[in-house]
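Chain by chain, the residues:
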Amino acid sequence: MKTILAAYSGVLKGTGSSILSALQDLPSAIWPCQSKMEKHLQVISVLQWVVSFLALGAACTVLLVYTFCTDCWLIAAIYTAWLIVDWNTPKQGGRRSSWVRGWTVWTYFRDYFPIRLIKTHDLLPSRNYIFGYHPHGIFCFGAFCNFGTEATGFSKKFPGIKPSLATLAGNFRLPVLRDYLMSGGICPVNKNSIDYLLSRNGTGNAVVIVVGGAAESLHCAPGMNSVTLKNRKGFVKLALQKGSDLVPVYSFGENDAYKQVIFEEGTYRRALQKRLQKILGFAPCLFHGCGLFFGDSWGIVPYGKPITTIVGEPITVPKIEDPTEEMVNLYHSMYVKSLQCLFDKYKTRFGLKESDVLYIQ
């Protein structure tokens, strides 16, 4: 009670700063909902990203079309004209915003799981890099938080390196969503975009490619340690053509964010998933997390399981404009071995057993 009276006295006598100081001196018991409020903010921060990724582009497309049918058609016409003029920007380095990457909302996003970024080796700003990110998971929460924001301090851990997370090119054809993604330094995963970043944007660039892609997301489930990599060699060939070093990256816990219904190979449901994947460019997974209001219910809020991203040792790659198949296979095998070593070295530190192995599919 004396503490409260002293704070109240400070409020009566002081200016704004003394008021804040007096409030901060109050015991934490007076703020019983503080931790609960932080948890709500964490859930909202994650949910806004999930909903934005799933629905923002489609919703804004519908809104844009609808606006043409209203008295505000001129606004829609101006935006559409600007969209046409700005169409190739995602392929030319995008339009990243340090302000957006540093939003406080991303720290709540990070703390929900929580997500951590661990550096194992220095990266030289005089080189360009291709990060191979594994596994895909459902929404690549670790990849987005670590490389699409500054929540885990990427720029401080790797000074002079500018990360660009590559995602589906189709996302950059949707109004508003394209600008939201570009503000985080996210780029289309196509040849033109990656070629620009690695050839015409100086040095110190790190293009982050989720190598397993949509196919890998169909296999992700809690406790599953498998990556789709055996026949994924395009990123290695690209690294050789550009002389960019390869860096294996593994996120422990990425597959634990959601539970997924995995259909057996050979069933018509599995065949339908694969067919839709080829048509749409992404895998239509049947997944669920926890509910928004009750943790034991089903919903689209991911489970709050720790995600730890390990950035491995870079593999020095020479520049060969027309690499042979043997050369591509050589560096691909080096990359696979490096990824396996990275997994084996850190697996017991992050909840796995010594007997757990990484399956390469």
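First, a word on scope: everything that follows refers to the structure included in this document. Keep in mind it's a predicted model, so treat the numbers as computed, not measured.

Another aspect to go through is unusual backbone geometry. With the exception of glycine, most residues fall at negative phi, and the peptide bonds are largely trans. A cis amide bond links Phe113 with the next residue in sequence, Pro114, at an omega value of -5 degrees. Position of Pro114 relative to the elements: it lies in the loop between helix 6 (105-112) and strand 1 (115-119). In this chain, His134 is followed by Pro135 through a cis amide linkage whose omega measures -15 degrees. Residue placement: Pro135 occurs in the loop between strand 2 (129-134) and helix 7 (141-147). Within the chain, Cys140 stands out as a residue other than glycine whose phi angle is a positive 55 degrees. Among the structural elements, Cys140 can be located in the loop between strand 2 and helix 7. The backbone of Val176 shows a phi angle near 70 degrees, a positive value even though the residue is not glycine. Relative to the helices and strands, Val176 is located in the loop between strand 3 (162-167) and helix 9 (177-183). Residue classification places Val176 among the partly exposed positions, given a relative accessible area of 36%.

For the rest of this paragraph, the subject is the sheet that holds strand 10 (residues 298-299). In sheet architecture, strand pairing relies on hydrogen bonds along the backbone and comes in two forms, parallel and antiparallel. Ordered by their spatial adjacency, three strands build an open sheet running 8-9-10, and the pairing between neighbours is antiparallel. Of all strands in the sheet, those bounded by a partner on one side alone are strand 8 (259-260) and strand 10. Inspection of the sheet shows strand 8 paired to strand 9 (residues 287-290) by two bridges, in the antiparallel sense. Across the sheet, residue Lys259 finds its bridge partner in strand 9, namely His288.

Moving on, we come to the sheet that holds strand 2. Strands sit in the order 1-11-7-2-5-3-4 across an open sheet of seven strands; the sheet is mixed. The sheet is open, and its two edges are formed by strand 1 and strand 4 (187-188), each paired on a single side. Pairing of strand 1 with strand 11 (residues 307-311), which is carried by five bridges, proceeds in the parallel orientation. Opposite Arg116, over in strand 11, you have Thr308 as the bridge partner. Across the sheet, helix 10 (residues 191-199) touches strand 2, strand 3, strand 4 and strand 5 (205-210), and the angle it forms with strand 5 is around 150 degrees.

The next subject is the side chain of Thr309. Note on placement: Thr309 falls in strand 11. In this structure the side chain of Thr309 is engaged in a polar contact, spanning 2.7 Å, whose partner is the side chain of Asn146. In this structure, Thr309 is in contact with Arg116, Leu117, Ile118, Tyr133, Gly142, Asn146, Phe147, Val249, Tyr250 and Ser251, ignoring residues within four places of it in sequence.

Attention shifts here to the nonpolar core. By size, the foremost hydrophobic cluster in this structure holds 48 residues, and its most contacted members are Phe109, Phe113, Phe131, Phe141, Phe147, Leu165 and Val311. Looking at which element gives the most residues to this core, the answer is helix 7, with five residues. Apart from residues no more than four positions distant in its own chain, Val311 is found in contact with Leu117, Ile118, Lys119, Thr120, Phe131, Phe147, Phe158, Val247, Pro248 and Val249. Of all hydrophobic cores here, the second largest spans 33 residues; its members include Ala166, Phe235, Val317 and Leu358.

This part is about helix 12 (residues 234-242). Here helix 12 has its buried residues at Phe235, Val236, Leu238, Ala239 and Leu240. Of the residues flanking the end of helix 12, it is Gly243, one or two places downstream, whose phi is positive at about 65 degrees.

Per the counting criterion, the structure on display carries three cavities of 30 Å³ or more. Size it by volume and the largest cavity reaches roughly 60 Å³. If you go around the largest cavity, the residues you meet are Trp49, Val100, Arg101, Trp106, Phe144, Gly148, Thr149, Tyr180, Leu181, Gly184 and Ile186. Within the residue set of the lining of the largest cavity, elements represented by two or more residues are helix 5 (98-101) and helix 9. Of the residues assigned to the lining of the largest cavity, the class counts are seven nonpolar, three polar and one charged. Considering only enclosed or pocket space, the second largest cavity measures out at about 50 Å³ in volume. In this structure, the second largest cavity is lined by Gly93, Gly94, Arg95, Arg96, Ser164, Met182, Gly185, Ile186, Cys187 and Leu197. Among the residues forming the lining of the second largest cavity, the class breakdown is four nonpolar, four polar and two charged.

Each value, and the rule that gives it
- Residues numbered from 1 in each chain as written.
- Predicted model: local features only at pLDDT ≥ 70, side-chain atom pairs only at ≥ 80, totals over all residues.
- Heavy atoms only, no water.
- Helix = DSSP H or I, 4+ residues; strand = E, 2+ residues; numbered from the N terminus.
- Buried < 20%, exposed > 50% of the residue type's maximum accessible area, 1.4 Å probe, protein only.
- Pairing = 2+ DSSP bridges.
- Contact = heavy atoms within 4.5 Å.
- Axes fitted to C-alpha atoms, helices over the stretch in contact; angles between N-to-C directions.
- Polar contact = N/O pair within 3.5 Å; in protein donor to acceptor, adjacent residues only side chain to side chain.
- Core = buried A, V, L, I, M, F, W, Y, C linked by side-chain atoms within 4.5 Å.
- 1 Å grid on protein atoms, 1.4 Å probe; cavity = no way out; pocket = protein on both sides within 12 Å on 5 of 7 lines; lining within 4 Å.
- Points joined across faces, edges and corners; volume = space filled by probe spheres on them.
- Nonpolar A, V, L, I, M, F, W, Y, C, P; charged D, E, K, R; others polar.

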